[in-house]
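Remarks on the overall topology
Chain residues, written in single-letter form:
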Amino acid sequence: MSNPSTWRPETVAVRGGWGSDPATHAISVPIYQTVGFQFDDTGHAARLFNLEEPGNIYTRIMNPTTDILEQRMAQLEGGVAAVAFSSGMAAITAAILNVARAGDEVVAATSLYGGTWTLFTSTLRDFGITVRFLADDDIAQADAQFNEKTRAVFVESIGNPRLDITDIKAWAEAAHAHGVPLIVDNTFASPYLERPIEHGADIVVHALTKWVGGHGNSMGGIVVDSGHFDYGSQKFPQYSVPDPSYHGLIFANLAETAYITRLRVKVLRDTGAALSPTNAYHILQGLETLPLRMERECQTANDLAKRLVEHPQVSWVNYPGLSSHPSYQKAAQYLRPGFFGSMLNFGVKGGYDQALRVMNRLSLWINVANVGDVRSMTIHPASTTHQQLNPEEQVLAGVPGDLIRLSVGLEHPDDLWEDLEQALSH
Ligand SMILES: Cc1ncc(COP(=O)(O)O)c(C=O)c1O
């Protein structure tokens, strides 16, 4: 008997959580496009609602198609369980709201996706949750940002846009020393390149919209829990005090499934950002080829980075696979050997205006605000995603005016290079 717990990621990506449909023997995961599920009788219904028995109630809270995606992602990340959401932002928001309430605080790295930055500095602040950022992401200075109100720490495994590789072990130690969990956004690495739980992370989130789905057709997000963190302390009364919305259930008593159960039956139930079953199906289809896509995309990105370094019109290249990159050593510690991700940034000689001219001469590279697609994509952040910042702030955010961002897809590397070459050399 093949033992699923010993499967390698390539096997989990196509087989995890699913054999065949018990009713029809279909081997492709069916799309259970339904809102409700019929109860056997009123007793069965009452038991499901009271969490006495597992089972499907309503697609806002759980769905059999989404369940396979959740099981597969939990297995890939080495977690106990997962809950899927309608987008990456919904997953990040829910992951935080499951531990932090009004008056609480979160400590975060600064090298973050712009949407997460705005959530932290604007919307969470409106909710009464303060996020304290660690200047220069210098973990040695972390103690100054923690206090008795801190409830979580948040970082990205590969920061965006600096493409710096986070020292998860050091961040986990700092979080645990202050009695709070570490949440890691692992979108840019994907579970094929990095498994943050193995380095001490407690919770992993993903924008499934990007590399996991991989085809630019479906929004989705997920939260995977390690089951390692103990929520029984006084810091987390929402876990240790009886919950009136579940007849006095004490979530901490659920031990390793406390966080993920509360995430589903409280946060997802009440905020409603559920993944649609059809999107779960599309994302599952993408996930099946994640290892193959990552291998090819990372190889092409590495190849293009090396060619760009040599180009006379290029002033600098930011790619963790270059030995000159500040995170090159950390990549060896945290990423699958020989893999450095499929994102790279470079600067065009001549600055902002010249970068725009190069962008407008590209034809194979698609100018779009997305990453992690099978199609290669590019954007000029200073005139789009970061246009509200002044030039000094843009440099601080790691997006100077000469920067062109590339998300490398599956096209032939020579075709991608020829398009870049003609645009740069025009
Ligand atoms: C690292 C990272 N996290 C989260 C998100 C948000 O994901 P979504 O667009 O699915 O809400 C993104 C989006 O680009 C991202 O790059």
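Here the structure is a predicted model, which means the values were calculated and not measured. (Residues numbered from 1 in each chain as written. Predicted model: local features only at pLDDT ≥ 70, side-chain atom pairs only at ≥ 80, totals over all residues. Heavy atoms only, no water.)

Turning our attention to the overall build of the protein chain. Counting secondary structure elements, the protein chain contains 15 helices and 12 strands. Against the 2.2 N^0.38 benchmark of 22 Å for 426 residues, the protein chain shows a C-alpha radius of gyration of 22 Å, consistent with a compact globule. Once the C-alpha set of the protein chain is aligned to its principal axes, its extents read approximately 75 × 55 × 35 Å. Looking at the protein chain residue by residue over its 426 residues, the buried ones come to 53%. Within the protein chain, contacts between residues separated by at least 24 positions form 72% of all contacts whose residues are at least 6 apart in sequence. Of the accessible surface of the protein chain, which amounts to about 18,100 Å², a share of 52% is contributed by carbon and sulfur atoms. Taking the 30 positively charged and 46 negatively charged side chains of the protein chain as two groups, their mean positions are separated by 1 Å. (Helix = DSSP H or I, 4+ residues; strand = E, 2+ residues; numbered from the N terminus. Rg over C-alpha atoms; globule rule 2.2 N^0.38 Å. Buried < 20%, exposed > 50% of the residue type's maximum accessible area, 1.4 Å probe, protein only. Contact = heavy atoms within 4.5 Å. Areas by Shrake-Rupley, 256 points an atom, 1.4 Å probe, with all protein chains shown as cover. Lys, Arg positive; Asp, Glu negative; His and termini not counted. Charge placed at Lys NZ, Arg CZ, Asp CG, Glu CD.)

Here the focus is the sheet that holds strand β10 (residues 366-367). Reading across the sheet, the five strands line up as β8-β9-β12-β11-β10 and stay open at both edges, with mixed pairing between neighbours. For this open sheet the edge positions go to β8 (314-318) and β10, each flanked by a neighbour on one side alone. Its contacts with the sheet put helix α11 (residues 290-310) on β8, β9 (343-348) and β12 (403-407), and the angle it makes with β9 is roughly 15 degrees. (Pairing = 2+ DSSP bridges. Axes fitted to C-alpha atoms, helices over the stretch in contact; angles between N-to-C directions.)

Close contacts around the ligand come from 14 residues, with G88, M89, D185, T209 and K210 the closest. Here an oxygen atom of the ligand and a backbone polar atom of G88 are 2.8 Å apart. Within the backbone of M89, a nitrogen or oxygen atom sits 2.9 Å from an oxygen atom of the ligand. Protein coverage of the free-state accessible area of the ligand, which is 390 Å², stands at 93%. Sort the elements by how many residues they give to the shell around the ligand and helix α4 (residues 88-97) lands first, with three residues. For the shell around the ligand, the per-class residue count stands at six nonpolar, five polar and three charged. (Near = heavy atom within 4 Å. Polar contact = N/O pair within 3.5 Å; in protein donor to acceptor, adjacent residues only side chain to side chain. Nonpolar A, V, L, I, M, F, W, Y, C, P; charged D, E, K, R; others polar.)

What follows concerns unusual backbone geometry. With omega at 10 degrees, the peptide bond leading from N160 into P161 counts as cis. Structurally, P161 can be placed in the loop between β4 (150-156) and α6 (168-177). Of note, L51 is a non-glycine position whose phi angle comes to about 60 degrees, a positive value.

Let us now look at the side chain of R293. Here R293 is to be found in helix α11. At 4.7 Å, E297 is the nearest oppositely charged side chain to R293, a buried residue that forms no salt bridge. Residues contacting R293, with those up to four places away along its chain left out, are W211, V212, G213, G214, H215, G286, L287, V374 and L410. (Salt bridge = Lys/Arg side-chain N within 4 Å of Asp/Glu carboxyl O.)

On to the domain arrangement of the protein chain. As far as domains go, the protein chain holds domain 1 (9-287) and domain 2 (291-425). One C-alpha centre belongs to domain 1, the other to domain 2; they are set 29 Å apart. If you look at the interface, domain 1 gives 31 residues, while domain 2 gives 33 residues. Both sides of the domain 1 and domain 2 interface together cover about 2,700 Å² of buried area, and 58% of this is carbon and sulfur. When the buried area of domain 1 at its contact with domain 2 is split by residue, I165, Y192 and W211 rank highest and sum to 29% of it. If you look at where domain 1 meets domain 2, you find zero salt bridges. In this structure, the connection of domain 1 to domain 2 is made through 18 residue pairs in polar contact (both at pLDDT 80 or more). Contributions of two or more residues to the side of domain 1 that touches domain 2 are made by α1 (9-15), α6, α7 (190-193) and α10 (277-288). (Domains from an automatic or database assignment. Buried area = accessible area lost by both parts, 1.4 Å probe.)

Here the focus is the packing of aromatic side chains. Using the criterion set out here, one finds 15 aromatic pairs in the structure. Plain terms: the ring middles of F39 and F49 are 6.1 Å apart, the flat faces sit at 65 degrees to each other, and that makes the pair edge-to-face. Here F39 is found in the loop between α1 and α2 (42-49), whereas its partner F49 is found in helix α2, with 10 residues between them in sequence. We classify F39 as partly exposed; its relative accessible area is 29%. With a centroid separation of 6.4 Å and an interplanar angle of 85 degrees, the aromatic rings of F236 and Y239 are classed as edge-to-face. Take F236: its relative accessible area is 0%, and that puts it in the buried class. (Phe/Tyr/Trp six-rings, centres within 6.5 Å; stacked < 30°, edge-to-face > 60°.)

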